[in-house]
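One-letter residues, chain by chain:
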2 protein chains.
Amino acid sequence: MARASYRTIGRLTHYWRVLRDLEAKGQTHAYSHLLAAKARVTAAQVRRDIMVLGYSGTPARGYEVRGLIECIESYVFPASEQRVAIAGVGNIGLALLKFFTGRRPNLRIVSSFEANPEKFDRLIYGCRCHSIDRAGEVIRQEGVSVGIIAVPDGEAQYVADTFVDAGIRGILNFARTPLRVPAGVYVENIDLAMSMDRVAFFARRSLKKEHAASPAKAPSANKESNS
Amino acid sequence: MARASYRTIGRLTHYWRVLRDLEAKGQTHAYSHLLAAKARVTAAQVRRDIMVLGYSGTPARGYEVRGLIECIESYVFPASEQRVAIAGVGNIGLALLKFFTGRRPNLRIVSSFEANPEKFDRLIYGCRCHSIDRAGEVIRQEGVSVGIIAVPDGEAQYVADTFVDAGIRGILNFARTPLRVPAGVYVENIDLAMSMDRVAFFARRSLKKEHAASPAKAPSANKESNS
DNA sequence: TGCACATTGTGATTACCTTCACGAAGCCTG
DNA sequence: CAGGCTTCGTGAAGGTAATCACAATGTGCA
Ligand SMILES: NC(=O)c1ccc[n+]([C@@H]2O[C@H](COP(=O)([O-])OP(=O)(O)OC[C@H]3O[C@@H](n4cnc5c(N)ncnc54)[C@H](O)[C@@H]3O)[C@@H](O)[C@H]2O)c1
Ligand SMILES: NC(=O)c1ccc[n+]([C@@H]2O[C@H](COP(=O)([O-])OP(=O)(O)OC[C@H]3O[C@@H](n4cnc5c(N)ncnc54)[C@H](O)[C@@H]3O)[C@@H](O)[C@H]2O)c1
């Protein structure tokens, strides 16, 4: 039972979504082939990924949908509420706040931080906005473990330092600055401008293969961000 | 002179930004070590990436900043204006429109498409909004080669088909649906929810190493994304 | 001029991830 | 209950990308 890699974790969340759809349609069992087709990967890849969960299907019946869903949940999703804070309520910050609000029971954006005093103390999509100067204090108080950085590039390192000092262990960084953080803190970078440039490049090149990002795909979903 | 990979292209755009900063500061030459430090990669990686450009530095002087900038530009950036269209002017669509407007001379978002009639014909950040039904027509007329998909998940495949039929060769996809496109069309997926889940996971795991994303990076970016 | 040094360019190596391929195992059919 | 199919789990193989390591090279200095 190998350790799950960055990409495996991403795919597992994808299988989870696919499985939820299948369950909603009344399916009780699913073959690796089916999951593979829906997640656009190979069947072998699906089986390998599921291997790290320690979950087993049966030949002739495949995987049990409900059981696999629960297994993925207990492996990749937080068991109890994990709290998130966001710095920078601008274009991207707002989009994320709006999108994530109320969507995940165990992953909640509880606070936002701004430099612009006009936004202080307002409730934005149910999330209180504080001065960035109070970030450390609030993060500790609320028990936040994940931070999103959506501030201008030049402010990103400062915010990251504040986050790390306050005990945050994972950062989703939209700024185009590679952050310097101590070992043990996970950073996932999403550089939208880089993705645009890449798409433009490969559109000209007219490649045969699709890629990940997302990140990473990586290239897709992000195929790929980086760090 | 090997073919540039997905990740190499991403890093080259990053070096380009770093080099522009150096030039602005009056630096005329730069060593691979310096670029590496600023882009948070290894020096060997920088040299490998530059190798695909066919550009050469000199020992003892390193790379010539201006020359390398021009070389990267001619390799990864469009020589003449490349046009982009965006489907879905919601949270993400708006953020992108606002951010990219007027930022890149040779990469311009020229049109947007919506299903919501309230937005038709309005000018949003200098970009005309059309009905999605007219997408094929407008894309062909304007010579658009890159499409951004920022519509709800269920609409993504339909929009992708429309894009592809109209001749678009590269797609930046924010929907959480793996798109089915013919070979030769490049897709980069950015799944923000997946990135969030990953950050939350690795924050709990408290890993020692930072990762790319992604697209993926990618990942990252973006990390990694996928396809 | 010639030597000592730092850096480049790149073959070789390593690490990681994906795919292949096949033994084992459950299910259905007759 | 046995035989045939199909699928799972996984060791081995294959690919791709990152890193290492070193010969080649140009520089500045003595
Ligand atoms: N929007 C996009 O499409 C896009 C694309 C590529 C990259 N990015 C990157 O994403 C980041 C955010 O982009 P955006 O478009 O949302 O920017 P934005 O300017 O709309 O928002 C930034 C927000 O951060 C706030 N802020 C500034 N300094 C701060 C600080 N020290 N602490 C807390 N808040 C602070 C500002 O008041 C503002 O509201 C930038 O780094 C940008 O380069 C954005
Ligand atoms: N906003 C986020 O933070 C976030 C996070 C994760 C994933 N996503 C994904 O990104 C995509 C867009 O998200 P969003 O938050 O911007 O959504 P949104 O609902 O804010 O915007 C979607 C827009 O698309 C328009 N639309 C609907 N059908 C259309 C069609 N057929 N053609 C053209 N336009 C159409 C709608 O009118 C709306 O304006 C979704 O697939 C979502 O799953 C968004």
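Up top is the structure these notes are about.
Residue numbers run consecutively from 1 along every chain, following the written order of its sequence. Lettering of chains starts at A and numbering of ligands starts at 1, both following the order in which they are written. Residue-level local features of this predicted model are given only where pLDDT is at least 70; pairs of side-chain atoms are given and counted only at 80 or more, and the full residue set underlies all totals for whole chains, interfaces and linings. To get the side-chain values, take all heavy atoms of the structure and skip hydrogens and water.

**What about the sheet that holds strand 7 (residues 144-149) of chain B?**
Residue and element names in this part refer to chain B. Condition: Paired strands, as defined in this entry, are two strands with at least two bridges between them according to DSSP. Where helices and strands are cited, they refer to DSSP runs of H or I of at least four residues and of E of at least two residues respectively, numbered from the N terminus. By definition, residues are in contact when any of their heavy atoms lie within 4.5 Å. Orientation is described by lines fitted to C-alpha atoms, with helices fitted over the stretch in contact, and by angles between N-to-C directions that extend from 0 to 180 degrees.
Read from one edge of the open sheet, seven strands run 5-6-4-3-7-8-9, paired in mixed fashion. Strands with a single pairing partner mark the edges of an open sheet, and in this sheet they are strand 5 (123-124) and strand 9 (186-189). Pairing between strand 4 (residues 107-114) and strand 6 (residues 127-131): four bridges, direction parallel. In the sheet register, S112 faces strand 6, and the bridge partner there is C129. Where helix 7 (residues 156-165) meets the sheet, it contacts strand 3 (82-87), strand 4, strand 7 and strand 8 (170-173), and its direction lies at approximately 175° from that of strand 7.

**What about the pattern of salt bridges?**
The criterion, for reference: Salt bridges are defined by distance alone: a side-chain nitrogen of Lys or Arg within 4 Å of a carboxyl oxygen of Asp or Glu. Using a 1.4 Å probe on the protein chains alone, a residue whose accessible area is under 20% of its type maximum counts as buried, one over 50% counts as exposed, and one in between counts as partly exposed.
The tally for this structure, following the rule as stated, stands at 24 salt bridges over all chains. The partner of B:R66 in a salt bridge is B:E23, and the shortest N-O contact between them spans 2.4 Å. Here the residue B:R66 occupies a position in helix 4 (residues 65-76), and B:E23 occupies one in helix 1 (residues 6-24), the gap between them amounting to 43 residues. Exposure remark for B:E23: the relative accessible area of 29% places this residue in the partly exposed category. Measuring nitrogen to oxygen at the nearest pair gives 2.9 Å for the salt bridge that ties B:E81 to B:R83. On the basis of relative accessibility, which here comes to 25%, the residue B:R83 falls in the partly exposed class. Counted as one network, the salt bridges with shared partners bring together A:E81, A:R83, A:R108 and A:E142.

**Structural notes on the protein's contact with DNA strand C**
Counted only if it meets this: What makes a residue near a molecule or strand is one non-hydrogen atom of that residue sitting within 4 Å of it. Any pair of nitrogen or oxygen atoms within 3.5 Å is treated as a polar contact; in protein, a donor-acceptor pairing is required on top of that, and neighbouring residues in sequence qualify only through side-chain atoms on both sides. Residues are sorted three ways: Asp, Glu, Lys and Arg are charged, Ala, Val, Leu, Ile, Met, Phe, Trp, Tyr, Cys and Pro are nonpolar, and all the rest, Gly among them, are polar.
Contacts to DNA strand C come from 24 residues, most closely from A:R61, B:S32, B:S56, B:G57 and B:Y63. When the atoms of DNA strand C within 4 Å of the protein are sorted by group, sugar and phosphate make up 64%. In the model, a phosphate oxygen of DNA strand C is placed 3.0 Å from a nitrogen or oxygen of the A:T42 side chain. With respect to DNA strand C, the side chain of A:R61 contributes an N or O atom lying 2.7 Å from a phosphate oxygen. For the surface near DNA strand C, the secondary structure elements donating two or more residues are helix 1 (6-24) and helix 3 (43-51) of chain A together with helix 2 (32-39) and helix 3 (43-51) of chain B. By residue class, the composition of the surface near DNA strand C is eight nonpolar, nine polar and seven charged.

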